[in-house]
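Understanding the architecture of this molecule
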Amino acid sequence: MARKAIHSDDAPKAIGPYSQAVQVDAGKMTFLSGQIPLDPKTMEMVTGDVVAQAEQVMKNLKAVLAASGLDFSHVVRCTIFLTDLGDFAKVNEVYGRSFTGAPPARATVQVSALPRGSKVEIDAIAVS
């Protein structure tokens, strides 16, 4: 898969682990549903703070990517949903650990509530 991070000096520089845009050749696209911090064995919310929740969300995304024959290097777009933008820096740090190359394009939004009282949910689009 040809995947190219796009950067323009005429637009604001990325202020976190995301690219201004990611360009890909036409290929097989995989749309990952939003993941919340459920332990897949118990189907219960993980205990702990937003960091523990974000770590579980990333584990869940990694598992779905693997089931698709993909990994985080194939992800071209994510949306992070937070119930408190005050948690942005903590979630951003956890999220950023999963992307060793050029990170995907991304949006982060605050929402009033998430399923099961989660503090964070992340979805993704991957291309192979």
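Per-chain numbering applies: the sequence of each chain, read as written, is numbered from 1 onward. At least 70 in pLDDT is required for a residue's local features to be given in this predicted model, at least 80 for side-chain atom pairs to be given and counted, and no such filter applies to totals for whole chains, interfaces and linings, which use all residues. Heavy atoms from the whole structure form the basis of all side-chain values; hydrogens and water molecules are not counted.

Put simply, DSSP marks the helices as runs of H or I at least four residues long and the strands as runs of E at least two long, and each gets a number from the N terminus on. In terms of helices and strands, the chain carries 2 helices and 6 strands. Put simply, the chain runs from its N terminus to its C terminus through helices and strands in the order β-β-β-α-β-α-β-β. Here the C-alpha atoms of the chain give a radius of gyration of 14 Å, agreeing with the 14 Å that 2.2 N^0.38 yields for 128 residues. Across its three principal directions, the C-alpha atoms of the chain cover 40 × 35 × 20 Å. Between buried and exposed lies partly exposed: a residue is buried under 20% and exposed over 50% of the maximum accessible area for its type, with that area taken using a 1.4 Å probe on protein chains only. Expressed as a percentage of its 128 residues, the buried residues of the chain come to 36%. Note that accessible areas follow from Shrake-Rupley with a 1.4 Å probe, and for residues the cover is restricted to the protein chains shown. As displayed, the chain has an accessible area near 7,100 Å², and 53% of this comes from carbon and sulfur atoms. As used throughout, the charge tally considers Lys and Arg to be positive and Asp and Glu to be negative, leaving His and the chain termini uncounted. Charge positions are represented by NZ for Lys, CZ for Arg, CG for Asp and CD for Glu. Taken together, the 13 basic and 13 acidic charged side chains of the chain have centroids lying 4 Å from each other. Computation of the radius of gyration draws on C-alpha atoms, with the globule rule given as 2.2 Å multiplied by the number of residues to the power 0.38.

Confidence of the predictor at the level of single residues is captured by pLDDT, which takes values from 0 to 100. Residues of the chain with pLDDT of at least 70 account for 98%, and the chain-wide mean is 90. Element-level pLDDT for the chain is lowest in strand β2 (residues 21-24), with a mean of 70, against a maximum mean of 97 in helix α2 (residues 88-96).

Any carboxyl oxygen of Asp or Glu within 4 Å of a side-chain nitrogen of Lys or Arg constitutes a salt bridge here. Taken as a whole and judged by the stated rule, the model has 2 salt bridges. Residues R97 and E55 are paired through a salt bridge, measuring 3.5 Å at the closest nitrogen-oxygen approach. One end of the pair, R97, is in the loop between α2 and β5 (105-110); the other, E55, is in helix α1 (residues 50-67), with 42 residues separating them in the sequence. Given the relative accessible area of 29%, E55 is considered partly exposed. R97 serves as the salt-bridge partner of E93, at 2.8 Å between the closest nitrogen and oxygen.

Right, let's talk about the pairing of strand β6 (residues 120-127) for a bit. Summarising burial for β6: 6 of the 8 residues are buried, a large majority. Pairing analysis gives 5 bridges linking strand β3 (residues 29-35) to β6, with the strands arranged antiparallel. Bridge pairing links T30 to A126 in β6. Only strands joined by at least two bridges in the DSSP assignment are considered to pair. Strand direction decides the pairing type here: strand β4 (residues 75-82) and β6, joined by 7 bridges, are antiparallel. Pairing of R77 across the sheet is with I125, part of β6.

Okay, the pairing of β4 next. Summarising burial for β4: 6 of the 8 residues are buried, a large majority. Where β4 and β5 come together, 6 bridges link them in parallel fashion. Across the sheet, residue C78 finds its bridge partner in β5, namely R106. Taken together, β4, α2 and β5 form a β-α-β motif whose crossover is right-handed. Looking down the strands as they point away from you, a crossover is right-handed if its path from the first strand over the helix to the second goes clockwise.

Read from one edge to the other, the open sheet built from 4 strands follows the order β3-β6-β4-β5, with strand pairing classed as mixed. Since the sheet does not close on itself, it has two edges, and those belong to β3 and β5, each with one partner. Between one strand axis and the next, the sheet turns through 10° on average, direction left out of account. Any two residues having at least one pair of non-hydrogen atoms within 4.5 Å are treated as being in contact. Axis definition: a line fitted to C-alpha atoms, over the contacting stretch in the case of helices. Angles run 0 to 180 degrees between N-to-C directions. Its contacts with the sheet put α2 on β4, β5 and β6, and the angle it makes with β4 is roughly 150°.

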